[in-house]
Amino acid sequence: MTSYLQMIKGDLKLIWRDPMLSLSILAPLLYSAIVIWGIPFAVEFVTTNYQITVEEYVPFFNFFLLPIAPMLFGMVYGFIMLDERDSGIISYLAVTPLGKSGYLSVRMAMPVLYSFVFNLFFIKLTGLDQNINLVQFILYSLIIATEAPMMLLFLGAFASNKVEGIAISKSFGILLIMLIPDFFMKGNWLWIFSVSPLWWIERAFFHTTYSWWYAIGALVMHLLFIWFLYKKFNRRFD
């Protein structure tokens with residue numbers, strides 16, 4: 001337990017000393033402020049001055065922002081992991097009582113915890129919980145929080161260093177882009193976007209008739225992605 005606490009404490013010190021990492025941690029709070037004050041102002045401005053009704057699209061915009069926080073938290077811990085791999089710290093930790101599994105457990109658990117707490121706050125703040133019950137509220141928050149270890153393992157599996165990690169982390173945004181046509185268009189052809197784990201959770205929020213089936217699909221897809229990336233990470237680590 002002491003090893004875990006020391007590791008967590010060291011991570012927090014490292015994050016606050018690095019401007020890019022600390023900004024990534026604080027960014028979700030910044031765009032939450034935009035949601036609180038900026039979006040209502042923008043909706044009223046557009047409605048009043050251009051007679052265009054955009055209020056119906058606000059829930060989707062809020063949902064679109066929701067997974068970004070877990071992605072950022074996962075990216076931060078992914079960058080920490082890349083630095084530690086470059087400096088040989090991971091190899092050293094693998095032969096300590098903490099072990100590789102203990103090391104990776106902490107690396108994955110911390111951003112999930114941050115993400116889960118943020119998701120609860122953000123979903124409640126934006127009113128995305130209006131059409132879901134308490135169990136769904138907690139479950140959806142937890143599922144979306146698993147975007148964090150997905151990002152972390154993605155960086156660990158495919159990036160050689162932090163510079164490479166910055167470049168390839170942008171490709172993770174493809175999972176978000178797939179949500180746009182599904183919300184604004186109709187048709188069975190939209191199932192082609194079901195390869196995105198976020199597509200399933202978006203449907204769980206906005207297609208209430210089959211919400212539980214979509215939630216189960218979201219959970220399965222996230223776990224499959226994590227399993228695949230974990231295997232890739234392990235091969236690269238070994």
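Residues numbered from 1 in each chain as written. Predicted model: local features only at pLDDT ≥ 70, side-chain atom pairs only at ≥ 80, totals over all residues. Heavy atoms only, no water.

Turning our attention to the overall build of the protein. Secondary structure assignment for the protein yields 13 helices and zero strands. From first element to last, N terminus to C terminus, the protein shows the α and β order α-α-α-α-α-α-α-α-α-α-α-α-α. By the compact-globule yardstick of 18 Å for 238 residues, the protein fits well, its C-alpha radius of gyration being 19 Å. Its C-alpha atoms give the protein principal-axis dimensions of roughly 65 × 35 × 35 Å. Looking at the protein residue by residue over its 238 residues, the buried ones come to 49%. (Helix = DSSP H or I, 4+ residues; strand = E, 2+ residues; numbered from the N terminus. Rg over C-alpha atoms; globule rule 2.2 N^0.38 Å. Buried < 20%, exposed > 50% of the residue type's maximum accessible area, 1.4 Å probe, protein only.)

Membership of the largest hydrophobic core comes to 65 residues, with the highest contact counts inside it found for Phe 63, Leu 66, Leu 153, Leu 179, Ile 201 and Phe 205. Of all the elements, helix α4 (residues 68-86) adds the most residues to this core, at 11 residues. Residues in contact with Phe 63, not counting those within four places in the same chain, are Leu 128, Ile 144, Leu 179, Leu 198, Ile 201, Glu 202, Phe 205 and Phe 206. (Core = buried A, V, L, I, M, F, W, Y, C linked by side-chain atoms within 4.5 Å. Contact = heavy atoms within 4.5 Å.)

Counting buried positions along helix α3 (residues 58-65) yields six of eight residues, so the element is predominantly enclosed. All of the buried residues along α3 are Val 58, Phe 60, Asn 62, Phe 63, Phe 64 and Leu 65.

What follows concerns the environment of Pro 181. With respect to the helices and strands, the residue Pro 181 is situated in helix α11 (residues 179-184). When the C-alpha atoms of Pro 181 and Asn 161 are compared, they prove to be 34 Å apart, with 20 residues separating the residues in sequence. Not counting chain neighbours up to four residues away, the residues in contact with Pro 181 comprise Trp 189, Leu 190 and Phe 193.

What follows deals with the confidence of the model for the protein. Put simply, the protein has an average pLDDT of 87, and 92% of its residues get 70 or more. Mean pLDDT across the elements of the protein ranges from a minimum in helix α5 (residues 89-94), with 66, to a maximum in helix α7 (residues 134-145), with 96. (pLDDT = per-residue confidence, 0-100.)

Our focus in this paragraph is α7. An ideal rise of 1.5 Å per residue puts 16 Å on 12 residues; α7 measures up with 17 Å between its terminal C-alpha atoms. Among the residues making up α7, those that are buried are Gln 136, Phe 137, Tyr 140, Ser 141, Ile 143, Ile 144 and Ala 145. The backbone nitrogen of Val 135 has a side-chain oxygen 3.1 Å away, supplied by the residue at the start of α7, namely Asn 133. (Expected span 1.5 Å × (residues − 1). Polar contact = N/O pair within 3.5 Å; in protein donor to acceptor, adjacent residues only side chain to side chain.)

We now examine the side chain of Thr 146. Within the fold, Thr 146 resides in the loop between α7 and α8 (147-158). Exposure remark for Thr 146: the relative accessible area of 16% places this residue in the buried category. Polar contacts involving the side chain of Thr 146 include one to the main-chain carbonyl oxygen of Ile 143, which spans 2.4 Å. Apart from the residues lying within four places of it in its own chain, the contact partners of Thr 146 are His 222 and Ile 226.

The next thing to look at is the packing of aromatic side chains. Taken as a whole and judged by the stated rule, the model has 27 aromatic pairs. Between Phe 183 and Phe 184, the ring centres sit 5.1 Å apart and the planes meet at 80°, which makes this aromatic pair edge-to-face. Relative accessible area serves as the criterion here: at 24%, Phe 183 is assigned to the partly exposed category. For the pair Trp 200 and Tyr 214, a centre-to-centre distance of 6.1 Å together with 55° between the ring planes defines the contact as tilted. Of this pair, Trp 200 sits in helix α12 (residues 197-206) while Tyr 214 sits in helix α13 (residues 211-237), and the two are 14 residues apart along the sequence. Summarising the burial analysis for this pair, Trp 200 and Tyr 214 share the class buried. An aromatic cluster of at least three residues, connected via ring pairs, comprises Tyr 57, Phe 60, Phe 63, Phe 64, Tyr 140, Phe 183, Phe 184, Phe 205 and Phe 206. Above the plane of the ring of Trp 191 lies Arg 203, whose end atom (NZ or CZ) is 5.7 Å from the centre. (Phe/Tyr/Trp six-rings, centres within 6.5 Å; stacked < 30°, edge-to-face > 60°. Lys NZ or Arg CZ within 6 Å of the ring centre and 35° of its normal.)

Attention now goes to the pattern of salt bridges. The full count for this structure, using the stated rule, is two salt bridges. One salt bridge connects Lys 124 with Asp 129, and the closest N-O pair in it is separated by 2.9 Å. Under the relative-accessibility criterion, Lys 124 is labelled exposed at 53%. Note that Asp 182 and Arg 203 form a salt bridge whose closest N and O atoms lie 2.7 Å from each other. With Asp 182 in helix α11 and Arg 203 in helix α12, the pair connects residues that are 21 residues apart, well separated along the chain. (Salt bridge = Lys/Arg side-chain N within 4 Å of Asp/Glu carboxyl O.)

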